[in-house]
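# Structural features, examined
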Amino acid sequence: MCRHLGWLGAPRAVSALMLDPPYGLLVQSYAPRRQKHGLVNADGWGVGFYPPDIGEGAPPCRWRSAAPLWADASFASVAPALRSECVVAAVRSASIGMPIEPTASAPFTDGSWLLSHNGLVDRAVLPLSAHAESTVDSALLAALIFDRGLDRLGETVTEVAARDPGARLNILAANRCEMVATTWGDTLSVLRTGDGVALASEPYDDDPRWEDLPDRHLVHTDGTAVQLTALKGPA
Ligand code: GLN
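One structure accompanies this document, and this report is about it. (Residues numbered from 1 in each chain as written. Predicted model: local features only at pLDDT ≥ 70, side-chain atom pairs only at ≥ 80, totals over all residues. Heavy atoms only, no water.)

## Observations concerning the overall build of the protein
Cut-off, in case you're wondering: Here a strand is any run of E in DSSP of at least two residues, a helix any run of H or I of at least four, and the numbering for each starts at the N terminus. In this setup the radius of gyration rests on C-alpha atoms only. A globule is expected at 2.2 Å times the number of residues raised to 0.38. Note on exposure labels: buried denotes an accessible area under 20% of the residue type's maximum, exposed denotes more than 50%, and partly exposed covers the range between, all computed with a 1.4 Å probe on protein chains only. Pairs of residues are marked as contacts when any of their non-hydrogen atoms sit within 4.5 Å.
When its secondary structure is counted, the protein shows five helices and 13 strands. A compact globule built from 235 residues would reach a C-alpha radius of gyration of about 18 Å, and the protein, at 16 Å, matches this within 12%. On the principal axes, the C-alpha backbone points of the protein span a range of 45 × 35 × 35 Å. Relative to its full complement of 235 residues, the protein shows a buried share of 56%. Taking as baseline every contact in the protein between residues at least 6 positions apart, the subset at least 24 positions apart corresponds to 67%.

## Brief notes about the pattern of salt bridges
The following threshold applies: A pairing counts as a salt bridge when a side-chain nitrogen of Lys or Arg comes within 4 Å of a carboxyl oxygen of Asp or Glu.
Using the criterion set out here, one finds eleven salt bridges in the structure. The partner of Arg34 in a salt bridge is Asp212, with the nearest N and O atoms 2.9 Å apart. Linking Arg34 in the loop between helix 2 (25-28) and strand 2 (45-49) with Asp212 in strand 11 (residues 211-212), this pair joins segments that are 178 residues apart in sequence. A salt bridge links Arg62 to Glu133, with the shortest nitrogen-to-oxygen separation between them at 2.9 Å. Taken together, the residues span a long stretch of sequence, with Arg62 in strand 3 (residues 61-65) and Glu133 in the loop between strand 6 (114-120) and helix 4 (137-148) at a distance of 71 residues. By relative accessible area, which is 31% here, Arg62 ends up partly exposed. Within this structure, Arg3, Asp186 and Glu202 form a network of salt bridges that share partners.

## A closer look at helix 4
Here is the rule we go by: Expected span, for any helix, means 1.5 Å times one less than how many residues it has.
With twelve residues, helix 4 should reach 16 Å at 1.5 Å per residue; the first-to-last C-alpha distance of 17 Å fits that figure. Here helix 4 has its buried residues at Asp137, Ser138, Ala139, Leu140, Leu141, Ala142, Ala143, Leu144, Ile145 and Phe146. Contacts from the buried residues of helix 4 go to strand 5 (108-109), strand 6, helix 5 (153-163) and strand 7 (168-174). Just downstream of helix 4 lies Gly149, where phi reads positive at about 100°.

Everything listed here is a matter of coordinates, which is why it stays silent on function.
Next up, the structure:
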């Protein structure tokens, strides 16, 4: 089970979200606190963001790797210079049998949204897609979610869960205006800071404002308000 993180709000340095916090993605890559499946997240990492000066409608910038986050001194050096109002990042623990390659690391994109998946799904229940960035289950699932549209995320997740009742389907996706997520089989927490909203597989610091979100829910935020909707699905 991978760990992911999203931010929507006032511009933040990518390093301040991923590398500096005491239990941020960097620490979660070797010592996650709440991970239920897998001990470390050493099979790659990725970050996607929208720099303030890219044009309206321009695709997000991404940096992805198949190496452990802790081993990337170049990223650590550049990350303080990368600032954005909207960031999606992840560290990866590859599921058995899945490829380990940069294109298998989240976030995936359709050119407008950034999307990460914590979990596992039987690839046989997902349609083949010419748009999938990798043969990893998460990339096929991302392609399906992009095809259906993010406004139907809850519906798509419950439909996939009906086809694969053992699937774990924590999704986190954002564009510049909104951030959406599902909890389906793993942890997710939310932090409202006053100047934005963070969603993370586990809290990245000891801020008492972190709240754990219930399983089988859809989460939506515009960077200020956070809405939770229960998802109905197979027992
Ligand atoms: N199944 C996905 C992969 O192999 C996600 C794994 C995870 O959440 N650890 O990349």
